[in-house]
Amino acid sequence: QVQLVESGGGLVQAGGSLRLSCAASGDTICISAMGWYRQAPGKARELVATITSGGSTYYADSVKGRFTMSREYGKNTVFLQMNSLKPEDTAVYYCNTDPGTVIPGTCALEYWGQGTQVTVSS
């Protein structure tokens, strides 16, 4: 099993920056690709960025050029550097991972953190 804990959210003005962290613990063998998702009130959860076990990244068009995802393997932690924040970035941001292969009793299909609130004021 894996536990994911997000941190770093807060309230910032438009144009500001925040750095989110997601710390993983438990059976880290279950961790393969990791991702950041966000969910605004009344909207569906959407993918923000992903990083593979090899370090390749993907970004949603809405955040491309403003957000950067990175991975610290030694501490089982991923980060999301968010620059030039916009009010539409306001959402609860969730960390996610999946093992690639389900291992009964060890690795579930996927894991989610509890989320961290990001609020961008205009």
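Report on the accompanying structure. Since the structure is predicted, the reported quantities are computational estimates derived from the model, not experimental observations.

## Brief notes about the overall build of the protein
Inference 1: Of the regular secondary structure elements, the protein holds zero helices and eleven strands.
Inference 2: Element order for the protein, N to C, with α for helix and β for strand: β-β-β-β-β-β-β-β-β-β-β.
Inference 3: Relative to the compact-globule value of 14 Å for 122 residues, the protein shows a C-alpha radius of gyration of 14 Å, a close match.
Inference 4: Its C-alpha atoms put the protein at 45 × 30 × 25 Å along the principal axes.
Inference 5: Scored against the burial criterion, the 122 residues of the protein give a buried share of 39%.
Inference 6: Within the structure as shown, the protein displays about 6,200 Å² of accessible surface, and the carbon and sulfur contribution to it stands at 51%.
Inference 7: Separation between the mean location of the 9 positive side-chain charges and that of the 9 negative ones in the protein comes to 6 Å.

## Topic: the packing of aromatic side chains
For any pair of aromatic rings, the description consists of the separation of the ring centres together with the inter-plane angle of the planes.
Inference 1: Considering all chains together, one arrives at one aromatic pair under this definition.
Inference 2: Each ring, one from Tyr 37 and one from Trp 112, has its centre 4.9 Å from the other, and the planes form 65°; the classification is edge-to-face. With a gap of 75 residues between them, Tyr 37 in strand β4 (residues 34-39) and Trp 112 in strand β10 (residues 111-112) connect regions that are remote in the sequence.
Inference 3: You can call Trp 112 partly exposed: its relative accessible area is 33%.
Inference 4: Lying across the ring of Tyr 94, Arg 45 places its NZ or CZ 3.8 Å from the centre.
Inference 5: A cation over a ring is seen here: Arg 45 above Trp 112, with NZ or CZ 4.6 Å from the ring centre.

## Notes on the state of the cysteines
Inference 1: By the definition in use, this model includes two disulfides.
Inference 2: Disulfide partner of Cys 22: Cys 95, at an S-S distance of 2.0 Å. Between Cys 22 and Cys 95 the disulfide shows an S-S torsion of about -85°. By sign, it is left-handed. Of this pair, Cys 22 sits in strand β3 (residues 18-26) while Cys 95 sits in strand β9 (residues 91-97), placing them 73 residues apart in sequence.

About the criteria used
- Residues numbered from 1 in each chain as written.
- Predicted model: local features only at pLDDT ≥ 70, side-chain atom pairs only at ≥ 80, totals over all residues.
- Heavy atoms only, no water.
- Helix = DSSP H or I, 4+ residues; strand = E, 2+ residues; numbered from the N terminus.
- Rg over C-alpha atoms; globule rule 2.2 N^0.38 Å.
- Buried < 20%, exposed > 50% of the residue type's maximum accessible area, 1.4 Å probe, protein only.
- Areas by Shrake-Rupley, 256 points an atom, 1.4 Å probe, with all protein chains shown as cover.
- Lys, Arg positive; Asp, Glu negative; His and termini not counted.
- Charge placed at Lys NZ, Arg CZ, Asp CG, Glu CD.
- Phe/Tyr/Trp six-rings, centres within 6.5 Å; stacked < 30°, edge-to-face > 60°.
- Lys NZ or Arg CZ within 6 Å of the ring centre and 35° of its normal.
- Disulfide = S-S within 2.5 Å.

Everything listed is a geometric property; what it means functionally is a separate question.
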